[in-house]
Amino acid sequence: MSTTLLEEVPPPRLSPVPGVKDGLQRRWARPGGRAYAILRWTGATIFAVIVIGLVVSLMASASQAFGHSGLSFLWSGTYNATKDIYPTGIYIIGTLITTAVAIVLAVPIGVGTAAFLSELAPKWLAGPLSVLIDLIAAVPSIVVGLWGLLVLSPVFARHVEPFLKKIPVLEWFFHGPAYGPSMLLAGTVLAVMILPTIVALSRTALASVASEDREAARALGATRWQVVRTAVVPGARTGIEAAVILAMGRALGETIAVSLVIGNNNALPHSLLAPGATLGSAIINNFGEANPGLDKSSVIGLVVVLLAITALVNIGGQLLLRRRLRAVGATT
Amino acid sequence: MSLTVLPAGSGDFTDAIGTRRELVRESARRSLARRRIAGRIAIALCMVAVAISLAPLVALVAYTTSRGIRVLSWSFLTHVPTPPGIPGGGISSAIVGSVIIVGLAAVIAVPVGTMCALFLVERRGRLAGAIRFGADVLTGVPSIALGIFAYAVLIGPGSLIGHFSGLAGSFALAVLMLPIVIRASEAAMRSVPRDLWEAGLALGVRRSRVVRSVVLRGALPGLVTGNLLAVARAVGETAPLFVTVLGASLLVTNPLQPMGALSLTIFNNANQALPAAQQLAWGTAFVLLVLVLVLSVVARLVSARLNRQARR
């Protein structure tokens, strides 16, 4: 016992002025400290190399395609398999439409669910329901895609899509034959996938609103719902916005499930019931068969476009989240 | 400026106040009733939202279970797939492939992630902030991009391995797991009270020793939870494996060769019209679902225990 203690006693302080902490001495002078510092820096360096390598290697692999068609690669609308040209513009539009459908469906339901779980439900109900939704968030996207393709798609073709075509004003969005696989189905499947994300993040945002705000509203005579509407939701607004943006990032970048249910059509969709394609589904469908050279490079070009869009959205979401954390006063 | 002063005790005066009070009371009553009804409607709508958000998710899990459980048997888990048209066959190659690929990914991601988390815990300032931000943004990068990254570095022309392989898939999944491991480990280490660090350092113990026996030990449940959640996320991924591992129906244990994987088996069979292929897909989906849910539940139990200990 005492021997080990003796071994651990540090060498005498080398700093000439008492009380001055010599950083070099503290961190580097002792052998244990040096190995430990090298370990930490190795971890950080590997991570930095991976992040930079991700961007650089994708750009390098796509450079041939961008060199071939220049920036017009970004809004090309024609598909020409023999010339290795992909309609990036159509894919971008498809990605935006499916994501928009998912957001329109998932945000009101998700925020409503979060408000109920965080503010209105009794504790015995809110706890288990929250755990259930968190667990379901772990369901792999391929399983959601399989369910969308084999279960939801026939239901959409037989019941949902014919029904939507009968609604007076909305029918403008829903003309054309009802196949099942469509932009609408892809958006719905995406909505199912992003719902748990929206619920979990919004719930955290709502729960972090100061209880003084709730009590103040209550003291002014607000009903329980008015407390939620006038005090809690406005207080959590930035957090809810961040939740929506991060969920949007997930919907934009989803590939496998979408490629199963969207119908994979390289034409501009004329209706939400038409089959289409997104950046993610196009990458999955074309990467395997793409020939080495320009063809492969073009598909990797699609990946670069997708990466750029999702990175922008995610950076926006993270900045919002950080602003909120600073406002709440958390440290990390 | 003239004030009409009413004589004290006059009937008009008390009546005026009384009527006004009545009016105020009446309007308050009406307002409260209106607000209560509005509140009830809004709360009912929120309950409907809860029902709508639970319905598809519960339906999905229930349907996969009911279809998958019919397919599941001992031979389904222990046999390799048969060619189309021949009955029998199972997913042993996919199970073995998934375990090896994800295992190797964890072997890469857990040490690197933990080291990186130590860096974040020990250092403040711009560099640490940048790495933290990078990890948060990387969490949202589409997994297909990570797969293509692994393809470009390890498989494509002029790269390290040169052909499709399980190891390339492990690399892609490791990149996917890294930000999750880093952020969860950092949070776990920060939850170890600062006093314990300082107590260790005040004893004159080396910093590395304090980290090993105080910080890492104290943060252990949190580290386990974070790593399990990262593994659960990686097991279910399909897109990065699709472009790196390729899939194999024979039992392959060499990670330098193309391998099978659970998610790839589902993807490759989902689109086929053959009932046998769809059955195989549902059975595999059920196995994958159980695996992921078990990992998530265990992760949650570990962190729940941690919370109980912290409160004590």
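Predicted model only: the values in this text are computed from it and were never measured. (Residues numbered from 1 in each chain as written. Chains lettered and ligands numbered in written order. Predicted model: local features only at pLDDT ≥ 70, side-chain atom pairs only at ≥ 80, totals over all residues.)

## Looking at the overall build of chain B
Moving on, step 1. Looking only at helices and strands, chain B features 12 helices and zero strands.
Moving on, step 2. Computed over its C-alpha atoms, the radius of gyration of chain B comes to 31 Å, more than 25% above the 20 Å expected for a compact globule of 312 residues.
Moving on, step 3. Overall, the C-alpha framework of chain B stretches about 105 × 65 × 40 Å when taken along its three principal axes. (Helix = DSSP H or I, 4+ residues; strand = E, 2+ residues; numbered from the N terminus. Rg over C-alpha atoms; globule rule 2.2 N^0.38 Å.)

## Comments concerning the overall build of chain A
Moving on, step 1. Counting secondary structure elements, chain A contains 13 helices and zero strands.
Moving on, step 2. Taking as baseline every contact in chain A between residues at least 6 positions apart, the subset at least 24 positions apart corresponds to 75%. (Contact = placed C-beta atoms within 7 Å.)

## Quick look at helix H9 (residues 224-235) of chain A
A turn of α-helix holds 3.6 residues, and therefore any two residues three or four places apart point the same way.
Moving on, step 1. With 12 residues, H9(A) should cover 16 Å at 1.5 Å per step; its first-to-last C-alpha distance of 16 Å lies within 8% of that length.
Moving on, step 2. For H9(A), the full list of buried residues reads Trp225(A), Val227(A), Val228(A), Ala231(A) and Val232(A). (Expected span 1.5 Å × (residues − 1). Buried ≥ 20, exposed ≤ 12 C-beta atoms within 10 Å, placed from the backbone.)

## Overview of the packing of helix H4 (residues 88-120) of chain A against H9(A)
Residues and elements named next belong to chain A.
Moving on, step 1. Running from amino to carboxyl end, H4 crosses H9 at an angle of 110°, the nearest separation of the two axes being 11 Å. One element, H4, and the other, H9, form an angle in the roughly perpendicular class. The segment H4 lies against H9, with Ala-115, Glu-119 and Leu-120 engaging Arg-224, Val-228, Val-232 and Val-233.
Moving on, step 2. Of the residues assigned to the contact of H4 with H9, the class counts are five nonpolar, no polar and two charged. (Axes fitted to C-alpha atoms, helices over the stretch in contact; angles between N-to-C directions. Parallel < 35°, antiparallel > 145°, perpendicular 65-115°, else oblique. Nonpolar A, V, L, I, M, F, W, Y, C, P; charged D, E, K, R; others polar.)

## Considerations on the packing of helix H6 (residues 166-190) of chain B against helix H9 (residues 220-235) of chain B
All names here are of chain B.
Moving on, step 1. Close contact between H6 and H9 brings their axes to 8 Å; oriented N to C, the two are set at 160°. Put simply, H6 runs roughly antiparallel to H9. Of the two possible hands of crossing, H6 and H9 adopt the one that is right-handed. In contact with Leu-173, Leu-176, Met-177, Ile-180, Val-181, Ala-184, Ser-185, Ala-187 and Ala-188 of H6, H9 contributes Gly-222, Leu-223, Thr-225, Gly-226, Asn-227, Leu-229, Ala-230, Arg-233 and Ala-234.
Moving on, step 2. When the residues that make up the contact of H6 with H9 are grouped by side-chain class, the tally is 12 nonpolar, five polar and one charged. (Left-handed = near helix turned anticlockwise from the far one by under 90°.)

## With respect to the confidence of the model for chain B
Moving on, step 1. With 93% of its residues at a pLDDT of 70 or more, chain B has an overall mean of 86.
Moving on, step 2. For this predicted complex, the interface score ipTM comes out at 0.85, while the overall pTM is 0.86. (pLDDT = per-residue confidence, 0-100.)

## Things to note about the nonpolar core
Moving on, step 1. Leu58(A), Ile198(A), Val303(A), Phe149(B) and Met177(B) are the most contacted members of the largest nonpolar core, which totals 195 residues.
Moving on, step 2. The element best represented in this core is helix H3 (residues 92-122) of chain B, accounting for 17 residues.
Moving on, step 3. When neighbours within four sequence positions are excluded, Ile198(A) is seen to be in contact with Ala106(A), Val107(A), Gly110(A), Val111(A), Ala243(A), Val244(A) and Ala247(A). (Core = buried A, V, L, I, M, F, W, Y, C linked by C-beta atoms within 7 Å.)

## Quick notes on the environment of Glu22(B)
All names here are of chain B.
Moving on, step 1. Looking at where Glu-22 falls in the secondary structure, it is placed in helix H1 (residues 11-71).
Moving on, step 2. Since 10 C-beta atoms lie within 10 Å of it, Glu-22 is described here as exposed.
Moving on, step 3. On a C-alpha basis, the gap between Glu-22 and Arg-305 in space is 58 Å, while along the polypeptide they are 283 residues apart.

## Quick notes on the environment of Ile167(A)
All names here are of chain A.
Moving on, step 1. With respect to the helices, strands and loops of the structure, Ile-167 is situated in the loop between helix H6 (141-166) and helix H7 (183-207).
Moving on, step 2. A count of 11 C-beta atoms within 10 Å places Ile-167 in the exposed class.
Moving on, step 3. The sequence separation of Ile-167 and Ser-297 amounts to 130 residues, and the corresponding C-alpha distance is 45 Å.

## Section: the confidence of the model for chain A
Moving on, step 1. Per-residue pLDDT for chain A averages 83, and the proportion of residues at 70 or more is 87%.
Moving on, step 2. Low confidence marks residues 1-6 of chain A, where pLDDT is under 50. Its contacts with residues over four positions away, or in another chain, come to zero contacts.

## Describing the environment of Ser93(B)
Residue and element names in this part refer to chain B.
Moving on, step 1. Within the secondary structure layout, Ser-93 lies in helix H3.
Moving on, step 2. Of the residues examined, Ser-93 has 22 C-beta atoms within 10 Å and is grouped as buried.
Moving on, step 3. Sequence spacing of Ser-93 and Thr-265 is 172 residues, and the spatial spacing of their C-alpha atoms is 9.7 Å.
Moving on, step 4. In this structure, Ser-93 is in contact with Val-80, Pro-81, Ala-248, Ser-249, Leu-250, Leu-251, Val-252 and Gly-260, ignoring residues within four places of it in sequence.

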